[in-house]
Amino acid sequence: MNSKGIMPAPFDEMSSADGNSRPGYELIKRWLDSETPESLGHRRLEAELLFRRIGITFAVYGDEEAEERIIPFDIVPRVLTKTEWRKLATGLEQRVTALNMFLADIYGTGEILKAGIIPSDLVYRNPYFRPEMMGLKLPHDIYVQIAGIDLVRTDAEDFYVLEDNARTPSGVSYMLENREVMMRVFPDLFAEYRIDPVETYPEELLATLTSVAPNSAPGEPAVALLTPGPLNSAYYEHSFLADKLGIDLVEGSDLLVRDNVVFMRTTEGLKRVDVLYRRLDDDFLDPLTFLPTSVLGVPGLMNAYRAGNITLANAVGTGVADDKAVYSYMPEIVRFYLGAEPILKNVPTWRCREKDACAHVLDNLHDLVVKEVAGSGGYGMLIGPAADKATRDIFAEKIKADPDNFIAQPTLALSTCPTVVDAGIAPRHVDLRPFVLYGADKVRIVPGGLTRVALKEGSLVVNSSQGGGTKDTWVLDA
Amino acid sequence: MRLKIRHETSYVYGTPATRAIQILRLTPRGHDSQFVVNWRIDVDQDCRLDASRDPFGNAVQSFTVEGPLDGLTIVAEGVVETQDNSGIVHGQAERLPLPVYLRDTPLTRASPGIRALAEQASAAAGPDTLPILYAIMNGIRDRLDFIVNVTDSGTTAIDAFSHGHGVCQDFSHIFIAAARHIGLPARYVSGYLFHTEMLDGQAAGHAWAEVLVDDLGWVAFDPANGIAATDSYVRVAVGLDYLGAAPIRGTRYGGADETMEVKIMVNETARAG
Amino acid sequence: MLSRTADTLFWLGRYVERADNTARIIDAANRLATVPDSLAGETSEWEPALAAAGVLSGYTEHHDEVDRDPAIDYLAFSPDNFSSIKNCLGTARNNARAVRTALTAEMWEAINEAWQELKRYDGARMDRQTLNTFLSRVKEACLRFDGSAYRTMLRHDAYWFLRLGFYLERADSTARILDVKYHVLLPEDAQVGGGLDYFQWTSILRSVSALTAYRWVYHESLKPWLIADLLVLNAKMPRSLASCYENLATFLDHLSLAYGRQGPAQRQARSTMTRLQNAQISEIFQNKGLHEFLTEFIDENARLGETISKQYLT
């Protein structure tokens, strides 16, 4: 791959340029030095067997054979020091606070648009903006209860936010299962290190969901998880979380709305639901308000929502906040609502909707990463330095045809972490998705998150749908 | 005009339904040239009508009924007084920022053909907005035949335009798509039309569109008839497209063999007293 | 519990039991087909086998004649047959996946591993040895699933709905197996047949794994009315209609106690159970005849399924 010649050597999180290990990684390095490729292979197999038994599967759309392929797991943990984590956590809380204030504003009076900080077209004509949410007052003004913020690291100091997943972020089950498997396969490591636990996540999530129940909820709020069903790629996670939270895993057909109150059908009759942790996209939620052909949703749900009888987590219409064009305004959004400088950096972004920016992007395609504004999962994306000319030309045409739909960013030198490969240990690029729980009482961030790793040498695409794997993420308690 | 309106929608279920839920946008609201003298909605089953307003300013009623149900009938009726104001609508509930009315929806997306029509009309008719809109309407009427029962409520502007026929809904969708394409905020209107040739009843409500015209505000055009709305038009609900303004959106649980019949009477009535 | 979850568990139970029943029917028919014609007569064993599995009409839609290979393929592997063993296990496994959290890890592993292994078997060109292995694996898988449920599941509604599915399916299957062969099960005073009948009788007992049980219960040589007695009225025999209904009544009772109210399903199951408890096989033969009795039972059993569904599962 030619990018090696172009890009500076990436920051390796374990070893500095002189080969010494960085803070936090001393023990990992010692452990890795003591293992042979064979012994690592054994451990890897052991971990894989555990995953298979537990049943973590990841369905990739359009790939029937791989319907239940296991997402690859790398047994070398990714380590963050407490100091690094504290800074991250403060930045994450700031970011999600700003996201919520932004959403409450644009579905209310739109002050940030009136102030001319963001073009109002970008918001009001955004496909993920939902006019149906206008003027609806949500409990505690919280729109995003669960956020998964994708971060990448470029050096010892800097973390960049790559994406704010404010709709239905997934992956938290891997965070929990990865830790579980690591503790079983490497009890010795856990005896030597003091690692912040992540296992409290389900409890924190339930507390968050309960805290945002509507006022009309009688007594202890009833919470349920709404899934599109077993065919959904994240179904395993839905059922895993429902189980850990001790709440019902419901499909649309399990629910019904009667006089603007949501009920679920049980063997003992109808039971009221107050909070829906929904993992179903806006479009499918209610065939009487959105896509009329949706059979996955609940007819009348939006009316119950507008009547204040149910909380949806996340709220409808949060997608406008994780749109990549809106993303590019996040520093301004943080400043506008919080009067503070953003703690987490944004990747510089060219918005192709702006003429000058578009020209710059078209001239520099070979250096840039181009993304669809509303794309996700690593689809519809061009990595300029890795693409050949023909691919870049095709993409240039796409950009010219619909510039509003694209943004471009410089190719970041993503940090690498040691990873088990066939030949032993080698550095591979990683990102990090911590999960932020934004409740009415407080903000909860379980220390750690999901580290995704691009298993192919040199690859920057960490998405599991495109050959990425995951790692356990350790925040050292020291 | 003083219009007496009765809009009856009846469902019959061959196999009884276990329950039904419906969202109604069947209640007109007043504006400067439309005064709602009285209006009521009746459902022939025991239920509670929950009234609310949607963000577009429409009056919404929702209800659920528990079965077994052999059928369901909803009647909306009342008296509305209208005045001709050359289609200009003032004094209505306006809640949404204007760029919202430039949004694409699946039903109102513009095809290259629709975009070309809008651009040609815009180029040919000069700088003023009104002539452009008339040119678009005429362009659509040249292109489309008014034929009932060929398109349905799910037909998109793109499909209707390429097939070359449709009903008032399709004409309106294409018109809206064209207007938005040249940067004019536009919306769909569902309502009633008084028509001297249809005094015995109509099998469907009427649909037209409103476009925001500089200086004038929202102006109502009836692309199916090629005119601005008059005092024969009773405005009931607006939305980005048919789905947002549909008189009834509902779901039935269980049951089968559903038939639906709509009967609408719009008649002139004398002033009381 | 969600009605859908209960429904999925109920059908999970039914499909596992159906797979097991069909495997036993194929086993028995296969065995009968090896008896020399001079002893067994020139009868096809596969038409009754298809009928006992309740799929004869479906089979004839796809095939003109009933032959061994296509019959086995249809019963065990065909994707066209909704109730083929492979389809049953596939559906059972999908159901298990859909209610994964209502099951114990052992149950999930039992059904999941069975499916991963058995989905690889292909009906085309299968030799007898492989078929036998397949059928044994199916029976083992069902046993393992059933045993896991018995040993690991909490005794609450999830368990009861699963069990209701098992027993409703089992009652249906036993009744069908008997009904297909009712003509060889004549009442006491009728003409006793020759060698053919003997092999037919053992075949019936084999299809429900009751050959040894018969000898333990009756200490007699095979008598057709005793075979009927064993499979219809003898509550000691776990596949008998009486035993199935004792279980159905018990589990419905657990549900009504847990939920604090009972309904038509409880009344219906109890009434059928009581009738089976009070009946005598000779009366059944004399009054309406076995065929009539079984036909009515199959309908009644299906109605109980509908009642349970209405009361709890929708």
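Residues numbered from 1 in each chain as written. Chains lettered and ligands numbered in written order. Predicted model: local features only at pLDDT ≥ 70, side-chain atom pairs only at ≥ 80, totals over all residues. Heavy atoms only, no water.

## Details of the overall build of chain A
Put simply, the rule reads: For helices the rule is a DSSP run of H or I covering at least 4 residues; for strands it is a run of E covering at least 2, with both sets numbered from the N terminus onward. Based on C-alpha atoms, the radius of gyration is set beside the globule rule, defined as 2.2 Å times the residue count to the power 0.38. Any two residues having at least one pair of non-hydrogen atoms within 4.5 Å are treated as being in contact. Residue burial considers only the protein chains on display, and all accessible areas are found by Shrake-Rupley using a 1.4 Å probe. For the charge count, each Lys or Arg is scored as positive and each Asp or Glu as negative, with His and the chain ends excluded. To locate a charge, the coordinates of NZ of Lys, CZ of Arg, CG of Asp or CD of Glu are taken.
Within chain A one finds 17 helices and 21 strands. Taking 23 Å as the expected radius of gyration for a compact globule of 478 residues, we find that chain A reaches 22 Å, a close match to that expectation. Taken along the three principal axes of its C-alpha coordinates, chain A extends 65 × 55 × 45 Å. A separation threshold of at least 6 residues defines the contact pool for chain A, and within that pool the share at least 24 residues apart is 69%. Surface summary for chain A: the accessible area is close to 18400 Å², and the carbon and sulfur share equals 51%. If you average the places of the 49 positive and of the 69 negative side-chain charges in chain A, the two averages end up 2 Å apart.

## Details of the arrangement of the chains
Counting contacts across all 2 pairs of chains found in contact, the highest total belongs to chains A and B. The two units chain B and chain C never meet; even their closest C-alpha atoms stay 11 Å apart.

## Considerations on the packing of aromatic side chains
All names here are of chain A. Under the convention used in this document: Each Phe, Tyr or Trp ring, with Trp reduced to its six-membered ring, pairs with another whose centre is within 6.5 Å; inter-plane angles below 30 degrees give stacked pairs, above 60 give edge-to-face pairs, and intermediate values give tilted ones. Burial classes follow relative accessibility: with a 1.4 Å probe on protein chains only, a residue under 20% of its type's maximum area counts as buried, one over 50% as exposed, and anything between as partly exposed. We call a charge positioned over a ring when the NZ of a Lys or the CZ of an Arg lies within 6 Å of the ring centre and within 35 degrees of the ring normal.
The final tally for this structure, using the stated rule, is 32 aromatic pairs over all chains. With 5.7 Å between their ring centres and 70° between their planes, Phe-395 and Phe-406 make a pair best called edge-to-face. Placement of the pair is Phe-395 in helix H17 (residues 389–401) and Phe-406 in strand E15 (residues 406–410), with a sequence separation of 11 residues. The pair Phe-395 / Phe-406 is uniform in exposure class, with both members buried. Members of the aromatic cluster, joined through ring pairs, are Tyr-107, Tyr-124, Phe-129 and Tyr-143. Looking at Arg-351, its charged tip hangs above the ring of Tyr-329, at a distance of 3.8 Å from the centre.

## Considerations on the nonpolar core
All names here are of chain C. To keep things clear, this is the line we draw: Residues grouped as a nonpolar core are buried Ala, Val, Leu, Ile, Met, Phe, Trp, Tyr and Cys residues, joined through side-chain atoms within 4.5 Å. Segmentation of the chain into domains, including their bounds, is taken from an automatic or database domain assignment.
Counting residues in each nonpolar core, the largest one holds 108 residues, and the members touching the most others are Ile-85 and Tyr-245. Considering each element in turn, this core owes the most residues, 14 residues, to helix H9 (residues 157–180). Residue-level mapping places this core at the junction of two domains, with at least three residues from each of domain 1 (1–152) and domain 2 (154–314). When residues no more than four places from it in sequence are discounted, the contact partners of Tyr-245 are Leu-168, Ala-171, Ala-269, Thr-272, Met-273, Leu-276, Phe-297, Asn-301 and Leu-304.

## So, the confidence of the model for chain A
All names here are of chain A. Note the threshold: For every residue, the predictor assigns a confidence score, pLDDT, that lies between 0 and 100.
For chain A, per-residue confidence averages 89 on the pLDDT scale, and 93% of positions sit at 70 or higher. Of the regions scoring below 50 in pLDDT, residues 1–6 engages in 6 contacts with residues more than four places distant in sequence or in other chains. Within the model, the stretch residues 57–67 combines pLDDT values under 50 with 21 contacts to residues more than four positions away or in other chains.

## Structural notes on the packing of helix H11 (residues 211–218) of chain C against helix H12 (residues 224–232) of chain C
Residue and element names in this part refer to chain C. Definition in use: With axes taken as lines fitted to C-alpha atoms, and helix axes fitted only over the stretch in contact, angles between N-to-C directions fall between 0 and 180 degrees. Put simply, angles under 35 degrees are roughly parallel, angles over 145 are roughly antiparallel, angles from 65 to 115 are roughly perpendicular, and the rest are oblique. Each residue gets one label: Ala, Val, Leu, Ile, Met, Phe, Trp, Tyr, Cys and Pro are nonpolar, Asp, Glu, Lys and Arg are charged, and the others, such as Gly, are polar.
Interaxial distance between H11 and H12 falls to 11 Å at its minimum, and their mutual angle equals 100°. The angle between the axes of H11 and H12 places the two elements in the roughly perpendicular class. Residues Tyr-214, Val-217 and Tyr-218 of H11 lie in contact with H12, whose contacting residues are Leu-226, Ile-227, Asp-229 and Leu-230. Looking at the contact of H11 with H12, its residues break down into 6 nonpolar, no polar and 1 charged.

## Considering the UniProt feature "domain: Transglutaminase-like" (unreviewed entry) in chain B
Keep this limit in mind: UniProt positions are given in the numbering used here, feature names are shortened, and annotations may be inferred rather than shown by experiment.
UniProt records the feature "domain: Transglutaminase-like" (unreviewed entry) for residues 160–225 of chain B in the present numbering. Note that residues 160–225 of chain B is 27% helix and 36% strand, and that its end C-alpha atoms are spaced 16 Å apart.

## Notes on the pattern of salt bridges
As a reminder of what qualifies: The term salt bridge refers to a pairing of a side-chain nitrogen on Lys or Arg with a carboxyl oxygen on Asp or Glu at a separation within 4 Å.
Throughout the structure, instances matching the rule amount to 62 salt bridges over all chains. Here Asp-158 of chain A makes a salt bridge to Lys-345 of chain A, at a shortest N to O gap of 3.1 Å. You can see Asp-158 of chain A sitting in the loop between strand E2 (146–153) and strand E3 (159–165) and its partner Lys-345 of chain A sitting in strand E11 (residues 345–346), a full 187 residues away along the chain. Given a relative accessible area of 35%, Lys-345 of chain A falls into the partly exposed group. Taken together, the shared-partner salt bridges in this structure form one network comprising Glu-17, Asp-20, Arg-24, Arg-170 and Arg-239 of chain C.

## Let's talk about helix H16 (residues 355–363) of chain A
Residues and elements named next belong to chain A. Here is the rule we go by: The arc refers to the directions leading from the helix axis to the C-beta atoms.
Along H16, the residues classified as buried are Ala-357, Cys-358 and Val-361. Down the axis of H16, the buried set is contained in an arc of 100°. They therefore lie on one face. What points out from H16, more than 90 degrees from its buried face, is the exposed set Lys-355, Asp-356 and Asp-363.

## Looking at the sheet that holds strand E9 (residues 275–278) of chain A
Residues and elements named next belong to chain A. Threshold: Should DSSP find at least two bridges between two strands, the strands are regarded as paired.
Spatially, the 4 strands line up as an open sheet ordered E5-E4-E9-E10, and their pairing is parallel. On the outer flanks of this sheet lie strand E5 (248–250) and strand E10 (311–313), each paired with one strand and no other. Within the sheet, the average angular offset between the axes of one strand and its neighbour, ignoring direction, is 30°. Both strand E4 (residues 223–226) and E9 contribute to a ladder of 4 bridges, which runs parallel. Opposite Ala-224, over in E9, you have Leu-276 as the bridge partner. Lying over the sheet, helix H10 (residues 235–245) contacts E4, E5 and E9, oriented at roughly 150° with respect to E5.

## With respect to helix H13 (residues 241–259) of chain C
Rule in force here: In this scheme, a helix's expected span is set at 1.5 Å multiplied by one less than its residue total.
If you check H13 of chain C, its first and last C-alpha atoms are 27 Å apart, about what 19 residues at 1.5 Å a residue would give, namely 27 Å. A positive phi of about 75° marks Gly-260 of chain C, the residue just after H13 of chain C.

## Considerations on the environment of Thr-90 of chain A
Considering the arrangement of structural elements, one finds Thr-90 of chain A in helix H4 (residues 82–106). Spatially, the C-alpha atom of Thr-90 of chain A lies 20 Å from that of Pro-169 of chain A, the residues being 79 residues apart in sequence.

## Remarks on the interface of chain A and chain C
When the parts of a complex come together, some accessible area is lost, and that lost area is often taken as the interface size. Quick reminder of the rule: Buried area is understood as the total, over both parts, of accessible area removed when two parts are fitted together, assessed with a 1.4 Å probe. Whenever a nitrogen or oxygen atom comes within 3.5 Å of another N or O atom, the pair is scored as a polar contact, on the condition that within protein one atom can donate a hydrogen and the other can accept it, and that pairs from neighbouring residues in sequence are kept only if both atoms are in side chains.
Each partner contributes to the interface: chain A provides 19 residues, whereas chain C provides 18 residues. Carbon and sulfur atoms supply 41% of the area buried between chain A and chain C, which totals about 1700 Å² over both sides. For the pair chain A and chain C, the number of links is 2 salt bridges. The salt bridge partner of Glu-251 of chain A is Arg-4 of chain C, with a shortest N-O separation of 3.1 Å. Between chain A and chain C we count 10 residue pairs in polar contact (both at pLDDT 80 or more) in total. Of all the elements in the fold, those that place two or more residues in the side of chain A that touches chain C are helix H3 (37–54), H10, E5 and strand E7 (261–266) of chain A. Taken together, the residues of the side of chain A that touches chain C break down into 6 nonpolar, 4 polar and 9 charged.

## Considering the sheet that holds E7 of chain A
All names here are of chain A. Pairing in this open sheet of 3 strands is antiparallel, and the strands run E6-E7-E8 from one edge to the other. Because the sheet does not close on itself, it has two edges, and the strands there are strand E6 (255–258) and strand E8 (269–272). The sheet shows a mean angle of 40° between the axes of neighbouring strands, direction not considered.

## Here's the deal with the pairing of strand E12 (residues 233–239) of chain B
All names here are of chain B. Counting buried positions along E12 gives 7 out of 7 residues, so the element sits mostly inside the fold. Note that strand E8 (residues 186–193) and E12 share 6 bridges and pair antiparallel. Looking at E12, one finds that Tyr-192 is bridged to Val-234.

## Notes on the side chain of Gln-22 of chain B
Its place among the elements puts Gln-22 of chain B in strand E1 (residues 2–27). With residues near it in sequence (within four places) discarded, Gln-22 of chain B still touches Tyr-11, Gln-61, Ser-62, Phe-63, Leu-72, Ile-74, Ile-248, Arg-249 and Gly-250 of chain B.

## Details of the domain arrangement of chain B
All names here are of chain B. Structurally, chain B comprises domain 1 (2–81 + 248–268) and domain 2 (85–245). Spacing between the C-alpha centres of domain 1 and domain 2 amounts to 24 Å. Listed as interface residues are 29 residues of domain 1 and, on the opposing side, 33 residues of domain 2. Buried area between domain 1 and domain 2, both sides added, is near 2500 Å², and the carbon and sulfur share of it is 57%. Ranking the residues of domain 1 by area buried against domain 2 places Phe-56, Ile-264 and Val-266 at the top, with a combined share of 26%. For the pair domain 1 and domain 2, the interface holds 8 residue pairs in polar contact (both at pLDDT 80 or more). Taken together, the elements giving at least two residues each to the side of domain 1 that touches domain 2 come down to E1, strand E2 (34–43) and strand E14 (256–268). At 7 residues, E14 tops the list of elements feeding residues into the side of domain 1 that touches domain 2. Looking at side-chain class alone, the side of domain 1 that touches domain 2 contains 12 nonpolar, 9 polar and 8 charged residues.

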